[in-house]
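In case you want the letters, here they are:
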Amino acid sequence: MELTERDWQQQIKALAVIYHWKYYHTWTSIHSPRGFIDVVMVRGNRLIFAELKSAQGKLTAYQQEWIEALTATSAEVYVWRPSDFNVICEILR
């Protein structure tokens, strides 16, 4: 059974709590810019932006624009899928 993006987001939030990250996810994107990243996490001097996608989820053009803009900074920027779970654990550890 494939995880929905909502269930996937809950798993990432649980990992953030386990590994003591400050975690932000917009409750509703109605007033957010189109394509803004799903999750922002901070711990110490690390800043992570992560777009969460299901196994088959595709990035929109707006999401790709945000990813490119954020990648030009010193922040860590990721597109995470359920198949990346073990790597995500290492990144957040």
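Since this is a predicted model, take the numbers as computed values, not measurements.

Novice: Outline the packing of helix 1 (residues 5-18) against helix 3 (residues 85-92), supporting the account with residue identities and numerical values.
Specialist: The geometry of helix 1 relative to helix 3 is characterised by a closest axis approach of 10 Å and an angle of 30° between their N-to-C directions. In this view, helix 1 runs roughly parallel relative to helix 3, as classed from their interaxial angle. Considering the relative orientation of helix 1 and helix 3, their crossing is right-handed. Contacts between helix 1 and helix 3 involve W8, Q11, I12, L15 and A16 from the first element and F85, I88, C89 and L92 from the second. Residues belonging to the contact of helix 1 with helix 3 are distributed by class as follows: 8 nonpolar, 1 polar and no charged.

Novice: Go over the environment of A14, please, and point to the residues and values.
Specialist: As for its position among the elements, A14 is in helix 1. Assessed through its relative accessible area of 38%, A14 is described here as partly exposed. C-alpha separation for the pair A14 and G57, spaced 43 residues apart in sequence, amounts to 21 Å.

Novice: Would you mind going over the pairing of strand 4 (residues 76-80) in detail, with residue names and values included?
Specialist: As paired strands, strand 3 (residues 46-52) and strand 4 are joined by 5 bridges and run parallel to one another. From the neighbouring strand, L52 faces strand 4, where its bridge partner is W80. Read from strand 3 through helix 2 (residues 61-71) to strand 4, the crossover connection turns out right-handed.

Novice: Please give an account of the packing of aromatic side chains that cites residues and values.
Specialist: All chains considered together, the criterion is met by 2 aromatic pairs. For the ring pair F36 and W66, a centre distance of 4.8 Å and an interplane angle of 85° mean the geometry is edge-to-face. Here W66 lies in helix 2 and F36 lies in the loop between strand 1 (22-25) and strand 2 (39-43), a separation of 30 residues in the sequence. Judged by relative accessible area, F36 falls into the partly exposed class, the value being 25%. Between Y78 and W80, the aromatic rings sit 5.1 Å apart at their centres with planes inclined by 20°, giving stacked as the arrangement. Residue classification places W80 among the buried positions, given a relative accessible area of 3%.

Novice: A description of the layout of surface pockets should follow, citing residues and the corresponding values.
Specialist: Empty space within the largest pocket amounts to approximately 360 Å³. As for the largest pocket, its lining consists of 16 residues, and the residues nearest its centre are Q9, Q10, Y23, H25 and W27. Those elements that place two or more of their residues in the lining of the largest pocket are helix 1, strand 1 and strand 3. Sort the elements by how many residues they give to the lining of the largest pocket and helix 1 lands first, with 6 residues. Residue composition of the lining of the largest pocket, by class: 6 nonpolar, 4 polar and 6 charged. Approximately 250 Å³ is the volume attributed to the second largest pocket. T26, S29, F36, I37 and D38 are, among the 14 residues lining the second largest pocket, the residues nearest its centre.

Thresholds applied
Residues numbered from 1 in each chain as written. Predicted model: local features only at pLDDT ≥ 70, side-chain atom pairs only at ≥ 80, totals over all residues. Heavy atoms only, no water. Axes fitted to C-alpha atoms, helices over the stretch in contact; angles between N-to-C directions. Helix = DSSP H or I, 4+ residues; strand = E, 2+ residues; numbered from the N terminus. Parallel < 35°, antiparallel > 145°, perpendicular 65-115°, else oblique. Left-handed = near helix turned anticlockwise from the far one by under 90°. Contact = heavy atoms within 4.5 Å. Nonpolar A, V, L, I, M, F, W, Y, C, P; charged D, E, K, R; others polar. Buried < 20%, exposed > 50% of the residue type's maximum accessible area, 1.4 Å probe, protein only. Pairing = 2+ DSSP bridges. Right-handed = clockwise from strand over helix to strand, strands pointing away. Phe/Tyr/Trp six-rings, centres within 6.5 Å; stacked < 30°, edge-to-face > 60°. 1 Å grid on protein atoms, 1.4 Å probe; cavity = no way out; pocket = protein on both sides within 12 Å on 5 of 7 lines; lining within 4 Å. Points joined across faces, edges and corners; volume = space filled by probe spheres on them.

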